[in-house]
Amino acid sequence: MRRIYRRRMGKLLDLMEGMELDAIVGVRPPTVQYFTGCRTVGCPPRTLYFTAFNNGELEILAPRLEVNQAREEAALGVIVEVPRGVSWLKALAERLEKRGVSRVGIELSGIPHNAYKHLSAGNEIAVEDVSEALASLRAVKSPEEIRIIRRAVRIAEEGLEAARRNVRPGSRERLVARRAIYRMMARGAEWVSFEILVASGPRAAYSHGAATNRKIGEGEPVIVDLGARVEGYHSDLTRTFIAGSNEKFREILGILDEAIEAALRMVRPGVPASEVDKAARDVIREYGCGDYFTHGLGHGIGLEIHEKPLLRPGSKEELKEGNVFTIEPGIYIPGLGGARIEEDVAVTGTGHLKLSEYPRIP
Ligand SMILES: [Mn+2]
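Report follows, based on the coordinates. Positions within a chain are numbered from 1, following the residues in the order the chain's sequence is written. Reporting of local features is limited, given that this is a predicted model, to residues whose pLDDT is at least 70; pairs of side-chain atoms are given and counted only at 80 or more, and all residues count toward the totals for whole chains, interfaces and linings. Just so you know, side-chain values use all the structure's heavy atoms and leave hydrogens and water out.

### Brief notes about the overall build of the protein
Note on conventions: DSSP H or I runs of at least 4 residues are helices, E runs of at least 2 residues are strands, and numbering of each starts at the N terminus. What the protein contains, in helices and strands, is ten helices and 19 strands. For a compact globule the rule gives 2.2 Å times the number of residues to the power 0.38, and the radius of gyration it is set against comes from C-alpha atoms. Relative to its length of 362 residues, the protein is compact, with a C-alpha radius of gyration of 23 Å against a globular reference of 21 Å. Along the first, second and third principal axes, the C-alpha atoms of the protein reach 70 × 40 × 35 Å. Here the protein holds 362 residues, and the buried ones make up 56% of them. Here, residues are in contact when the closest pair of their heavy atoms is within 4.5 Å. For the protein, the proportion of contacts with a sequence separation of at least 24, taken over those separated by at least 6, is 65%. Shrake-Rupley sampling with a 1.4 Å probe provides the accessible areas, and residues are treated as covered by the protein chains on show and by no other component. Carbon and sulfur atoms make up 50% of the accessible area of the protein, which totals about 15,900 Å². Between the mean site of the 52 positive side-chain charges and the mean site of the 50 negative ones, the protein shows a separation of 5 Å. Under the scheme applied here, a residue whose accessible area is under 20% of the maximum for its type counts as buried, over 50% as exposed, and between as partly exposed, the area being computed with a 1.4 Å probe on protein chains only. Charged-residue counts in this description rest on Lys and Arg as positive and Asp and Glu as negative, His and the chain ends being excluded. Charged groups are reduced to one reference atom each: NZ for lysine, CZ for arginine, CG for aspartic acid, CD for glutamic acid.

Take a look at the structure:
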């Protein structure tokens, strides 16, 4: 275990060297977990945060409330208790000053706007934003991380299967959600990755339709979008079930299946993320449904449910070996319904590894 965190500390040291920084401060819970092993699920950013120094030392700053858990979970570093009544910002400023830091990289995406300016006031500390750089480090997964995500995917597939068995005319969206959640928890999920979406009939035209008490009608499409969390890592899968039969929506599912195949053929290191999006989008456009595909093709998954890389038109990112992301084309026809299929894939040295195996058209 410690070896993993040593390796990640090495990445921080490289970053400090490249950006000529004396220290790096990480404050968002997924960042803190990634670099220290401390889990602050459900806590606001900065409840517990770390400072890594360019001599290889790492400090975890924790309020008294979190100190014991931090001692148990921290894979490296020393824990510094922030006294009651002292703000995180004041504590940080004091530590940085004490350590003689003059240039610090801070994960500014996790702190209130402009708060960092108080750091430099009076003690001459130059602040650089390392939010993007830290997110990019997390976007490249190790084989161990990919194995964990794969377990989360397997459990999500169990959830889809439980959902499928409960999709029938007359059953309610919330029943489908409840059965899926129960199955995922029973099969080892720590928790669900996000509020399960179950959107039936005309509601299937909503790309984020949370489960309601609506009764599913004969022949209606039902979008089920769910994920399971394992060791902090997320999965994210979607299938569209049909309650009975519906030729039009079967055809739509065929288009989405083809779009996913086209996207998968593009996946390998060095390919622009926007090109993968385009490959799927072109297929949907050829069938005349381009206006009905209203979101990006996919997003990275890991310790966060939405992370780098983003696969969408205009994305500047390039795929790297170790990226793990969703491919989730959808077609939504207002008033009529919609369909989406979502797969999870990892980028390998030469192509891709599909993590999900559940039938695309169930
Ligand atoms: Mn997704």
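### Examining the packing of helix α1 (residues 2–19) against helix α2 (residues 29–36)
Only the contacting stretch of a helix is used when fitting its axis, a line to C-alpha atoms as for every element, and angles between N-to-C directions run 0 to 180 degrees. At a minimum axis distance of 8 Å, the contact between α1 and α2 shows a crossing angle of 115°. Residue-level inspection shows Tyr5, Arg8, Lys11 and Leu12 of α1 in contact with α2, the latter providing Gln33, Tyr34, Phe35 and Thr36. Along the lines of polarity and charge, the residues of the contact of α1 with α2 split into four nonpolar, two polar and two charged. As a working rule, the residues Ala, Val, Leu, Ile, Met, Phe, Trp, Tyr, Cys and Pro are called nonpolar, Asp, Glu, Lys and Arg charged, and the rest polar, with Gly in that last group.

### Quick look at the coordination of the manganese ion
Metal sites are built from N, O and S donor atoms within 2.8 Å, or 3.2 Å for Na, K and Ca, and they leave out water, so they may look incomplete. Looking at the manganese ion, one finds its protein donor set to be Asp236 (OD), His299 (NE2), Glu328 (OE) and Glu342 (OE), positioned 2.1 to 2.4 Å from the metal centre. Considered as a linear motif, the donors of the manganese ion on their single chain read D-x62-H-x28-E-x13-E. With Asp236 in the loop between β11 (233–234) and β12 (237–242) and His299 in strand β13 (residues 298–300), the pair connects residues that are 63 residues apart, well separated along the chain. Residue Asp236 shares its accessibility class with His299, and that shared class is buried.

### Topic: the nonpolar core
Side-chain atoms within 4.5 Å link the members of a nonpolar core, which is a set of buried Ala, Val, Leu, Ile, Met, Phe, Trp, Tyr and Cys residues. Among the nonpolar cores identified, the biggest contains 63 residues, and Leu12 and Val224 are the most heavily contacted of them. In terms of residue count, the dominant contributor to this core is helix α7 (residues 143–166) (nine residues). Just so you know, the domain bounds were taken from an automatic or database domain assignment. Looking at this core, you find at least three residues from each of domain 1 (2–139) and domain 2 (143–354). Beyond its immediate stretch of four places on either side in the chain, Leu12 contacts Ile24, Phe35, Phe50, Ala52, Leu134 and Leu137.

### Observations regarding unusual backbone geometry
Pro309 follows Lys308 through a cis peptide bond whose omega is -5°. For Pro309, the position within the fold is in strand β14 (residues 307–311). For Glu20, which is not glycine, the phi torsion reads 50° and is therefore positive. Its identity is not glycine, yet Glu231 carries a phi of approximately 50°, on the positive side. Along the polypeptide, Glu231 turns up in the loop between β10 (228–230) and β11.

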